[in-house]
Every structure is written in C-alpha cells, then in structure tokens.
Amino acid sequence: MTTTNRFQDKVVIVTGGANGIGQATMLGFAQEGARVVIVDLADRGEAVAGQINKDGGNALFIKADVSNADQVQSLVNTTLDKYGQIDILINNAGITRDNLIMKMKEDDWNLVLRVNLSSVYQCSRAVVRPMMKKRYGRIINLTSVVGLAGQSGQTNYAASKAGIIGFTKSLAKEVGSRNITVNAVAPGFIKTQLTDVLPAEMVQTTVQNTPLGRLGEVEDVAKAIWFLASDDAAFITGQVLTVDGGLVMQ
Ligand SMILES: NC(=O)c1ccc[n+]([C@@H]2O[C@H](COP(=O)([O-])OP(=O)(O)OC[C@H]3O[C@@H](n4cnc5c(N)ncnc54)[C@H](O)[C@@H]3O)[C@@H](O)[C@H]2O)c1
C-alpha cells in the first residue's frame, strides 16, 4: 500500500464502510495514513479491514447497527479504548425502502428515518465530546440530491436526507467554536448496490439529464469527502457539497 500523509495519525470512523461509497472512502483514508474504524451490519467489513491490515494499513471492523444508541456508544467506547481519540466521523450508512406514499408502510417510513437520520444524531452525539476535548473534529454526513430536489417514490428517503441537511447546519453552528467542522456531501446517481436495483430506463434518463453525461463512481464521492476532512477545508463548515455531474443545480 502506498501511503501519503494527509490523514497521518488521524482516527476515522466510517459507518457503512463495508460497501460502496463508505468502502471507497475508508480505503483512501487508510492509504493516506489514517487508522480507520469500519462500522457496518454486514460481516464483509471483517474481510475489508483484514485486507487493509494485510496491505500495511491499520483498520478495525466493528459490527454494529448505527441506529441503535447502545451499540453506537459501545463502538465509540471501543474506538477510544483502542486509539484514544476520534478525529473524523463519516456518517455514511444508509438504506432505501422505496414506495409511493399510498403503499408506504409505517415500518418502512420509521426504518429509513431511523437508519438514515437518527443514526447521524446518535453517532455525532457520541463523538462530539472527545472531539471537543481535543479541540478538533470533522463530521461529514452523506445526504443526497434527493434531499434537495425530492423524488417520487422516496418520501421517506428524501425526508431523511433533507433532515440531515438541517442537522448538519445546526450542529456546525453549535460546535464551530471548538474547531469542529460539520458538512454534508450530496451524491447524485452513483454506481453501488443501492442503485443496482433501479430500472434500466431510470438509469438511462438520469444519464441523459446529467450535464457530465455519466453516472458517478464511488471515488467521485470519496474525493469530496477527503477534501472536506482535510486541512484544505479547515474554514468550511455547514455546507452541502453536491457530487452529481450537474444533475441538480440549486
Ligand atoms: N449510491 C448512490 O447513488 C447514492 C446517492 C445519494 C446518496 N447516497 C448515500 O450514500 C450513502 C452510501 O450509499 P451506498 O450507495 O454506498 O450504499 P451501499 O448500500 O453500497 O452501502 C451502505 C452500507 O451501509 C450499511 N448499513 C446499512 N444499514 C446499516 C445500519 N443500520 N448500521 C450499520 N451499517 C448499515 C450496509 O450494510 C452497507 O454496507 C448512503 O447514505 C446513501 O443514502 C448514495
């Protein structure tokens, strides 16, 4: 593994780090010197962490449900016991349970709000104290262009992602004086297991409506996250950085 030192000695928690955008983000942090904690429900996080350690990086996998307050406190305690600090939190875990409002079950509404939005509250709340003590922190939340523009069939998902934007701005105001920045990244259509299930015509229409004429790769989003986590973004907080090839312009 080639290492540069942009994130040397930093400790990074990436939720949903076993797949997709989270995995790509976490690999880059590890390659640039960070100690990474992959939090995921999926067992594959173990193999992802194992490969990083084999390649000379430093990774720990913690299997946890980020929407569960006790499990979140426990994963933060485990991280602090092992590394003594938490510098960067990437709130990336997310799910969809799409349906038209008339058919949307309350369970699917509640689940999406809990996993996508309440988890951001749980994880942020648990890391803010150690960050405040250190007078340093970076929190980056994955929202979506759907949270900005809306999407038929995704009222639950869009509400959770729009909620993340309000949360991001509010927390940025609350903790800025302690040198903690809080920002959001809003991906457009990115090729992952989350979007693999969408109908081909929908994919085609999206590409046609995207000025840059293609779907996004996970690395496109990861690069924006690394920027916001780096010293280059030290004076940026409370912002939403859209990474969508120009699909949604506001
Ligand atoms: N892929 C896209 O086009 C796209 C677009 C906009 C926003 N996003 C957002 O980016 C984030 C990552 O998306 P992705 O496409 O990489 O998804 P993905 O499905 O590939 O990965 C998400 C990961 O989160 C994990 N996860 C789900 N629920 C969890 C829970 N309760 N606790 C812990 N881990 C959990 C999953 O196991 C999975 O590994 C999500 O928040 C998603 O809403 C994605």
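Residues numbered from 1 in each chain as written. Predicted model: local features only at pLDDT ≥ 70, side-chain atom pairs only at ≥ 80, totals over all residues. Heavy atoms only, no water.

Enquirer: Would you explain the site of the ligand in this entry?
Expert: Close contacts around the ligand come from 28 residues, with Asp40, Asn92, Tyr157, Ile190 and Thr192 the closest. A distance of 2.8 Å separates an oxygen atom of the ligand from a polar atom in the side chain of asparagine 19. At 3.5 Å, a backbone N or O of leucine 41 approaches a nitrogen atom of the ligand. About the coverage of the ligand: the protein hides 94% of its 830 Å² of free accessible area. Those elements giving two or more residues to the shell around the ligand turn out to be helix H1 (20-31), helix H6 (155-175) and helix H7 (193-196). A per-element tally of the shell around the ligand places H7 first, with 3 residues. (Near = heavy atom within 4 Å. Polar contact = N/O pair within 3.5 Å; in protein donor to acceptor, adjacent residues only side chain to side chain. Areas by Shrake-Rupley, 256 points an atom, 1.4 Å probe, with all protein chains shown as cover. Helix = DSSP H or I, 4+ residues; strand = E, 2+ residues; numbered from the N terminus.)

Enquirer: What is the right way to look at the side chain of glutamine 122 in this model?
Expert: The residue glutamine 122 is located in helix H4 (residues 106-134) in this model. Sequence-distant contacts of glutamine 122, that is, excluding residues within four places in its chain, are made with Val66, Ala69 and Val72. (Contact = heavy atoms within 4.5 Å.)

Enquirer: Looking at this structure, I do not really get unusual backbone geometry. What am I missing?
Expert: Negative phi characterises most residues that are not glycine, and trans characterises most peptide bonds. The residue aspartate 9 is not glycine, and still its phi comes out positive at about 70 degrees. One can find aspartate 9 in the segment before strand S1 (11-15). For arginine 135, which is not glycine, the phi dihedral falls at a positive 55 degrees. For arginine 135, the location among the structural elements is in the loop between H4 and strand S5 (137-142). In this structure arginine 135 comes out as partly exposed when scored by relative accessible area, which is 48%. (Buried < 20%, exposed > 50% of the residue type's maximum accessible area, 1.4 Å probe, protein only.)

Enquirer: Quick question: what am I supposed to make of the pairing of strand S2 (residues 35-40) here?
Expert: On a regular strand, one side chain projects to one face of the sheet and the next to the other, so that they alternate. Counting buried residues along S2, 6 of its 6 residues qualify, which places the element largely inside the surrounding structure. Here S2 shows no split at all, with Arg35, Val37 and Val39 on one side and Val36, Ile38 and Asp40 on the other all buried. Read as a crossover between parallel neighbours, the route from S1 over H1 to S2 is right-handed. Two elements, S2 and strand S3 (residues 58-63), share 6 bridges in a ladder whose sense is parallel. When the bridges of S3 are listed, aspartate 40 appears paired with lysine 63. The handedness of the S2 to S3 crossover, carried by helix H2 (residues 44-54), is right-handed. (Right-handed = clockwise from strand over helix to strand, strands pointing away. Pairing = 2+ DSSP bridges.)

Enquirer: Where do I start with the sheet that holds S1 in this structure?
Expert: Within a sheet, each strand pairs with its neighbour through backbone hydrogen bonds, oriented either parallel or antiparallel. An order of S3-S2-S1-S4-S5-S6-S7 is seen for the 7 strands of this open sheet, with the pairing classed as parallel. Of all the strands in the sheet, just S3 and strand S7 (240-243) have a single pairing partner and so form its edges. Direction aside, the axes of adjacent strands within the sheet are offset by 15 degrees on average. Running at roughly 170 degrees to S3, H2 makes contact with S2 and S3 of the sheet. (Axes fitted to C-alpha atoms, helices over the stretch in contact; angles between N-to-C directions.)

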